[in-house]
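For reference, the chains in residue letters:
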Amino acid sequence: MVDARSGGAPTVLRVVLGKRLQDLREKAGLSFEQAAEALDVTHATVRRMEKAEVGLKIPYVEKLLATYGVTDAEESETFVALAREANRPGWWHRFRDVLPDWFSAYVSLESAANLIRAYQPHYVPGLLQTEGYARAVLRAGMPHAAPEEIDRSVALRMERQSLLRRDNAPMLWAVLDETVLRRPVGGAGVMREQLDRLIEATELPNVRLQIIPFATGPHPAMYGPFHIFRFPIPELPDIAYAESLVGAVYFDQRGDVSQFLEALDRMCAQAAPAHRTAALLSGFRKEI
C-alpha cells in the first residue's frame, strides 16, 4: 500500500524498472547492503529505487547493471534508455500547477492500463464527463479555487479523455450508482448533455457501463468510490485506488486488491446488465 499524500506514489515505468532491478539483484545473489556498497550509498537508497520511491539516476543504474552481471551491451543500453524515459515528465506535467502529486500517479496509471474498472456512487467518471459537467463538479469540489484554476483543471480532465480514442485504448468498465444519474449537476441542460454523452459511450467497443438501481438495495462498496487498474506489463500487479479529500491511497498487495475485485464483481452481478444501460439512461433523461 502506498499513501500518496506524501507524493510517493510511483509512476508506471518506475515501478516496472524498480521490480526489474530487484529481480537482477536477487538473481545475482546480492543483498541491499552489497548493492549499496557498489554505489557508495546507504542500503535505503537501493530499497527506494526498487520500490519506485525515487527517480532513477542514470549513473546509479549503469553501475548496478554492471554489479548485477549484466554484460550484454544491448540489454544494458535498453534498460538505461527506459530509465531515461522513466525520468522524463509525462504529458500531464504541463498541468502540474493544478495537478497534485498524489493524482499525478493516478494519471500515469490510467495512461498505462489496458483495463480500468471503477465504482462511482457520486459522479460520472472523469473519463466520460462533458466539459459542462466537469466544470460544475470541480467548482463544487474546489469552492475556493480561482476561475483560472478551474479552467486548467477542466482542460486536464478533457485531455485525459483522449486515451479512450487512441489506437490501443484501454477497456473502461464502470459501475454507477443510480444516485449519479439523479443528482442534478450544473442544471438541467448540463445533465441532459451528460446523459447523451453516456448513451453515446455505451456504443463504444471499449466502454461498458452498468447502473445499480436503488431498488436492488445495499451492495458491498457503499463506503465510497474506487478504481482498479490492470496492465499489459508482467511486472506490474493490479492496483486499486481510493481517494479522499486530502489525498489518495494506492493498493498493490494481492490480498487488498482482491477484496476490491470481489466487491466489484458482486456489484456487477447486482447491477442491471450492460445491454440495458442505454435504455435506462434514456429513461433518466426523459425525467429531467
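An account of the accompanying structure is given in this report. These numbers come from a predicted model, not from an experiment.

So, the overall build of the protein
Looking only at helices and strands, the protein has 12 helices and 7 strands in total. Burial analysis of the protein (288 residues in total) assigns 45% to the buried set. The contacts of the protein with a sequence gap of at least 6 include a subset with a gap of at least 24, amounting to 73%. For the protein, the computed accessible surface area is about 14700 Å², with 51% contributed by carbon and sulfur atoms. Taken together, the 34 basic and 37 acidic charged side chains of the protein have centroids lying 4 Å from each other.

Observations regarding the environment of leucine 17
Among the secondary structure elements, leucine 17 is positioned in helix α1 (residues 12-28). Residue classification places leucine 17 among the buried positions, given a relative accessible area of 0%. With 56 residues separating them in the primary sequence, leucine 17 and alanine 73 have C-alpha atoms 17 Å apart.

With respect to the pairing of strand β5 (residues 226-230)
Most of β5 sits out of view: 4 of its 5 residues are buried. Note that strand β2 (residues 115-120) and β5 share 5 bridges and pair antiparallel. Directly across from isoleucine 116, in β5, lies its bridge partner phenylalanine 229.

Section: the side chain of arginine 160
Among the structural elements, arginine 160 can be located in helix α8 (residues 147-160). Separated by 2.9 Å, the side chains of arginine 160 and glutamate 110 make a polar contact.

Describing helix α7 (residues 131-141)
Three or more residues of α7 are buried, namely Tyr133, Ala134, Arg135, Ala136, Val137 and Leu138. Contact partners of the buried residues in α7: α8, α9 (178-182) and α10 (188-201).

Some details on helix α4 (residues 58-67)
Those residues of α4 not exposed but buried are Ile58, Val61, Leu64 and Leu65. Seen along its axis, α4 keeps its buried residues to an arc of 125 degrees; they face one direction. α4 presents Pro59 and Ala66 as exposed residues on the side facing more than 90 degrees away from its buried surface. Among the structural elements, α1, α2 (32-39), α3 (43-50) and α5 (73-87) are those in contact with the buried residues of α4. Downstream of α4 by a residue or two, glycine 69 has a phi angle that is positive, lying close to 85 degrees.

Conventions adopted
Residues numbered from 1 in each chain as written. Predicted model: local features only at pLDDT ≥ 70, side-chain atom pairs only at ≥ 80, totals over all residues. Heavy atoms only, no water. Helix = DSSP H or I, 4+ residues; strand = E, 2+ residues; numbered from the N terminus. Buried < 20%, exposed > 50% of the residue type's maximum accessible area, 1.4 Å probe, protein only. Contact = heavy atoms within 4.5 Å. Areas by Shrake-Rupley, 256 points an atom, 1.4 Å probe, with all protein chains shown as cover. Lys, Arg positive; Asp, Glu negative; His and termini not counted. Charge placed at Lys NZ, Arg CZ, Asp CG, Glu CD. Pairing = 2+ DSSP bridges. Polar contact = N/O pair within 3.5 Å; in protein donor to acceptor, adjacent residues only side chain to side chain. Arc of directions from axis to C-beta.

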